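What follows is each chain in one-letter form.
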Amino acid sequence: QVQLVESGGGLVQPGGSLRLSCAASGSIFSISAMGWYRQAPGKQRELVAGITSGGNTNYADSVKGRFTISRDNAKNTVYLQMNSLKPEDTAVYYCNAVATTTGWRRGNYWGQGTQVTVSS
C-alpha cells in the first residue's frame with residue numbers, strides 16, 4: 001500500500017503565501033504522476049496542479065502564475081507553493097499520486113487533506 005501525508009495548510013490573509021508538502025511512503029516501486037486537488041464547501045473536487053515524474057506540469061487556469069508545483073523524486077514528495085492567495089482559494093487540498101507498488105499493483109492514492117483558509 002501507499003500512504004500520502006500532507007502538511008502545510010493553515011490560515012493566511014489575502015495576498016499571503018503557503019507551501020504545502022505531501023510525502024508518499026509504503027511499498028512503492030515507482031510514482032508516475034503526482035498532483036494537488038482541492039474541494040471547497042458545496043463544490044466538486046478539482047485539479048489544482050499536476051506534475052509527471054519527468055517534471056512536466058499543468059495548472060488550473062485559476063491558479064496559473066500564482067501557484068507552483070514541484071517534486072523531489074528521491075523523497076517521493078510533492079510540493080505546492082501558493083502565492084498571492086485569494087479567498088476563493090479556500091478549500092481542503094488533497095494530494096494525489098499514481099503509483100505502482102512493489103507488488104506490481106498500480107493505483108490512484110489520496111492523502112487525508114489539509115485545510116487552507118484565506119481570510120482577513
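Conventions and cut-offs
Numbering of residues starts from 1 in each chain and follows the order in which that chain's sequence is written. Reporting of local features is limited, given that this is a predicted model, to residues whose pLDDT is at least 70; pairs of side-chain atoms are given and counted only at 80 or more, and all residues count toward the totals for whole chains, interfaces and linings. Side-chain metrics in this entry use all non-hydrogen atoms of the structure; hydrogen atoms and water are not considered. At least two DSSP bridges between two strands are required for those strands to pair. Under the scheme used here, helices are H or I runs from DSSP no shorter than 4 residues and strands are E runs no shorter than 2 residues, and both carry numbers assigned from the N terminus. Each axis is a line fitted through C-alpha atoms, taken for helices only over the stretch in contact, and angles between the N-to-C directions span 0 to 180 degrees. Paired rings are identified among Phe, Tyr and Trp, the last through its six-membered ring, by centres lying within 6.5 Å, and are further divided according to the angle between planes into stacked (under 30 degrees), edge-to-face (over 60) and tilted (the rest). Summary of the burial criterion: residues with accessible area below 20% of their type's maximum are buried, those above 50% are exposed, and those between are partly exposed, where the area comes from a 1.4 Å probe applied to protein chains only. By definition, being over a ring means that NZ of Lys or CZ of Arg is both within 6 Å of the ring centre and within 35 degrees of the ring normal.

A. The arrangement of the sheet that holds strand β3 (residues 18-26) in detail. Pairing is antiparallel across the open sheet formed by four strands, whose spatial order is β1-β3-β8-β7. Taken across any chain shown, the strands that pair with only one partner, and hence form the sheet edges, are β1 (2-7) and β7 (67-72). If you compare each strand with its neighbour and ignore which way they point, the axes differ by 15 degrees on average. The sheet contact formed by β3 and strand β8 (residues 77-82) spans six bridges and is antiparallel. From the neighbouring strand, Ser-21 faces β8, where its bridge partner is Tyr-79.

B. Quick look at the packing of aromatic side chains. In total, this model carries two aromatic pairs according to the counting rule given. Their ring planes at 50 degrees and their centres at 4.6 Å tell us that Phe-29 and Trp-104 sit as a pair that is tilted. In this pair, Phe-29 sits in strand β4 (residues 28-39) while Trp-104 sits in the loop between β9 (91-101) and β10 (106-110), placing the two residues 75 residues apart along the sequence. For the pair Tyr-37 and Trp-110, a centre-to-centre distance of 5.0 Å together with 65 degrees between the ring planes defines the contact as edge-to-face. In this pair, Tyr-37 sits in strand β4 while Trp-110 sits in strand β10, placing the two residues 73 residues apart along the sequence. Residue class for Tyr-37 comes out partly exposed when judged on its relative accessible area of 23%. Here Arg-45 stacks its cationic end above the ring of Trp-110, 4.7 Å away from the centre of that ring.

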